[in-house]
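One letter stands for each residue in the lines below.
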Amino acid sequence: MVAPAVSAKGGPTVLRILLGSQLRRLRQERGISREDAGYAIRASHAKISRLELGKVGFKERDVADLLTLYGVAAPEERAPLLQLARQANRPGWWHKYSDLLPSWFEVYVGLEEAAAIIRTYEIQFVPGLLQSRDYARAVIVLGHPRASKEEIERRIELRARRQERLLGPDAPTLWAVVDEAAVRRPLGGTQVMRGQIEHLLKMTERPNIRLQVLPFARGGHAAAGGPFTFLRFSEPVLPDVVYLEQLTSALYLDKREDTDPYMEIMDRVSVQANSVAATKQFLKDLLDELG
């Protein structure tokens, strides 16, 4: 057994998922129940389930005890997994914003950081990764009306830090489909919207960014159920994830029977939307309308 080669860019979120999947595979190969695995580390079977899903942090001692139980004795086999456990406990760059991030969104930031492909459908807002600073401020103030100026600025910084991945050498592919309502709703006023549309046109010049607007004229469409984001990773052991944000929580779907329908919907809505070229022209025409 050899531990997978892992990029550290995803931080602890992805490393926990990778390590958990390796431990689950080892346990299942040895025919050991979650109850027996839990007994070995003085924990419940429910904790083993959470560990294997990467939902909680790992104690290196627990990983060592599980490897012993699973018959992984050779130092050259144990060492990579123990190192992975140590790396998985290191905080990601977003830890400095933990006072602003609810736990359910902190998971998303880690997954987004590691994703190779991000496909998103938005109805009300321009996607966060494509927001200009002024537009982001208007969105954040709308969602946090009682926040202090300092908190608002830190939330803007957090969003800007997430956006930096789109500009780096290992940038993911971002494919966004945005309802026409999102680019017509005048958040922050006309000047802010002009700046946002100009920012979209600039960002779509990048080869890793694909933007399509779904116009009102199309009528009903496949994604009528609401906005969602589809994440795909380069590591083959990581499943696709669909992220569905709610007002005070979020859903993460990673089973094929759940994620495949969303991919089908995303493909269909991409066909229904304006092409990339037509979207650029649409945005230029919208700029003219804004004056």
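Our subject in this report is the structure included herewith. (Residues numbered from 1 in each chain as written. Predicted model: local features only at pLDDT ≥ 70, side-chain atom pairs only at ≥ 80, totals over all residues. Heavy atoms only, no water.)

So, the side chain of arginine 27
Link 1 in the chain: Looking at the element boundaries, arginine 27 is found in helix α1 (residues 11-30).
Link 2 in the chain: We classify arginine 27 as buried; its relative accessible area is 6%.
Link 3 in the chain: Beyond its immediate chain neighbours, meaning those up to four positions away, arginine 27 contacts Ile32, Ser33, Arg34, Ala37, Ile48, Glu52 and Tyr70. (Helix = DSSP H or I, 4+ residues; strand = E, 2+ residues; numbered from the N terminus. Buried < 20%, exposed > 50% of the residue type's maximum accessible area, 1.4 Å probe, protein only. Contact = heavy atoms within 4.5 Å.)

Quick notes on the packing of helix α4 (residues 60-69) against helix α5 (residues 75-88)
Link 1 in the chain: Viewed as axis vectors pointing N to C, α4 and α5 meet at an angle of 150 degrees, and their least axial separation amounts to 9 Å. Comparing their axes, α5 and α4 come out roughly antiparallel. Note that α4 runs across α5; the crossing there is right-handed. From α4, Glu60, Val63, Ala64, Leu67 and Thr68 reach across to α5, where they touch Arg78, Leu81, Leu82, Ala85 and Arg86.
Link 2 in the chain: Tallied by class, residues from the contact of α4 with α5 come to six nonpolar, one polar and three charged. (Axes fitted to C-alpha atoms, helices over the stretch in contact; angles between N-to-C directions. Parallel < 35°, antiparallel > 145°, perpendicular 65-115°, else oblique. Left-handed = near helix turned anticlockwise from the far one by under 90°. Nonpolar A, V, L, I, M, F, W, Y, C, P; charged D, E, K, R; others polar.)

A closer look at the pattern of salt bridges
Any two side chains of opposite charge can pair, given that their charged atoms come close.
Link 1 in the chain: In total, this model carries 22 salt bridges according to the counting rule given.
Link 2 in the chain: Residue lysine 47 is joined to aspartate 62 by a salt bridge in which the shortest nitrogen-to-oxygen separation is 3.8 Å. A residue pair is termed long-range when its members are at least 10 positions apart, and lysine 47 in helix α3 (residues 45-52) and aspartate 62 in helix α4 qualify at 15 residues.
Link 3 in the chain: The class for lysine 47 is partly exposed, based on a relative accessible area of 23%.
Link 4 in the chain: When its relative accessible area of 5% is taken as the criterion, aspartate 62 is described as buried.
Link 5 in the chain: Put simply, arginine 194 and glutamate 198 hold a salt bridge, and the shortest N to O gap is 3.3 Å. In this pair, arginine 194 and glutamate 198 are both assigned in helix α10 (residues 190-203), four residues apart and thus about one turn of the helix distant.
Link 6 in the chain: Residue class for arginine 194 comes out buried when judged on its relative accessible area of 19%.
Link 7 in the chain: Among the charged side chains, a network of salt bridges with common partners joins Arg42, Lys47, Asp62 and Asp65. (Salt bridge = Lys/Arg side-chain N within 4 Å of Asp/Glu carboxyl O.)

Section: unusual backbone geometry
Link 1 in the chain: The phi dihedral of arginine 42 is positive, around 60 degrees, even though this residue is not glycine.
Link 2 in the chain: For arginine 42, the position within the fold is in the loop between α2 (34-40) and α3.
Link 3 in the chain: Overall, the relative accessible area of 54% leaves arginine 42 in the exposed class.

Purely geometric numbers; function is a separate question.
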